[in-house]
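Residue-level structure breakdown
One letter stands for each residue in the lines below.
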Amino acid sequence: MKHRNSMRKLGRTSSHRWALLRNLVTELIRHERIETTLPKAKELRRVADNMVSLGKEGTLAARRQAGGIVHGDEILHKLFTELATRYQARCGGYTRVLATRTRQGDAAPMAYIEFVDRPNELREAKPAFPPPPPRDPLPPWLHSKYARVLVPNNAAPLLTSNP
């Protein structure tokens, strides 16, 4: 059974896996785009989004939590200043994974992982969809299964029109 086992193991022990993800998230913050294998990129997406959320929080506790994962003070500073201000209005989805090619030596699927809304993106971020125009609320008697029986005579056109 795979209950409560949400992470990919990536063929490594847990300490080796976390060391790998810590190194990858540090390099992602430094370069803002890296190429790695597709399963590693999908796991890195979770850790990187969590780091940006900690950066947006901006508290001392969040800085200490992020410092336990990210290597280097300059990377931590970039996370809490540049990336936190860039994604202040975004509620999640700070990274994008793009599958690219198959590696020649071992046929591993490769992917780019990058931060969205940055200069020189591989693919532009989709614009936010505008909300649909507001509709007039229907009278309460139209929600009933007896609508055709209980409807007043002046509301008959409401029953035939399509909302």
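Just so it is clear, the model here is predicted, and its values are computed rather than measured.

Topic: the side chain of arginine 96
In this structure, arginine 96 sits in strand 2 (residues 95-102). For arginine 96, a relative accessible area of 7% corresponds to the buried category. In terms of polar contacts, arginine 96 uses its side chain to reach the side chain of glutamate 114, at 2.8 Å. A polar contact of 3.2 Å, which involves the side chain of arginine 96, links it to the side chain of glutamate 121. Among residues more than four places away in sequence, those in contact with arginine 96 are Tyr112, Ile113, Glu114, Val116, Glu121, Arg123, Glu124 and Ala125.

As for the pattern of salt bridges
Taken as a whole and judged by the stated rule, the model has 15 salt bridges. Notably, a salt bridge pairs arginine 101 with glutamate 35, separated by 3.1 Å at the nearest N-O pair. With arginine 101 in strand 2 and glutamate 35 in strand 1 (residues 33-37), this pair connects stretches of sequence that are 66 residues apart. Overall, the relative accessible area of 42% leaves arginine 101 in the partly exposed class. The partner of arginine 86 in a salt bridge is glutamate 82, and the shortest N-O contact between them spans 3.1 Å. Of this pair, arginine 86 and glutamate 82 both sit in helix 4 (residues 73-86), four residues apart, which is roughly one turn of the helix. Through salt bridges with shared partners, a single network forms among Glu32, Arg33, Lys78, Glu82, Arg86, Arg96, Glu114, Arg118 and Glu121.

Reading guide: rules and limits
Residue positions are given per chain, counted from 1 along the sequence in the order it is written. For a predicted model such as this one, the threshold for reporting local features is a pLDDT of at least 70, and the threshold for listing and counting side-chain atom pairs is 80 or more; totals across whole chains, interfaces and linings nevertheless cover every residue. To get the side-chain values, take all heavy atoms of the structure and skip hydrogens and water. Numbering of helices and strands starts at the N terminus; helices are DSSP runs of H or I of at least 4 residues and strands are runs of E of at least 2. Accessibility here uses a 1.4 Å probe with only protein chains present; expressed as a share of the type maximum, an area under 20% marks a residue as buried, one over 50% as exposed, and anything in between as partly exposed. As used in this structure description, the phrase polar contact means that two N or O atoms lie within 3.5 Å; if the pair is within protein, one of them must be able to donate a hydrogen and the other to accept it, and residues adjacent in sequence are counted only when both atoms belong to side chains. Only heavy atoms enter the contact rule, under which two residues are in contact if any of them lie within 4.5 Å. Whenever a carboxyl oxygen of Asp or Glu lies within 4 Å of a side-chain nitrogen of Lys or Arg, that contact is scored as a salt bridge.

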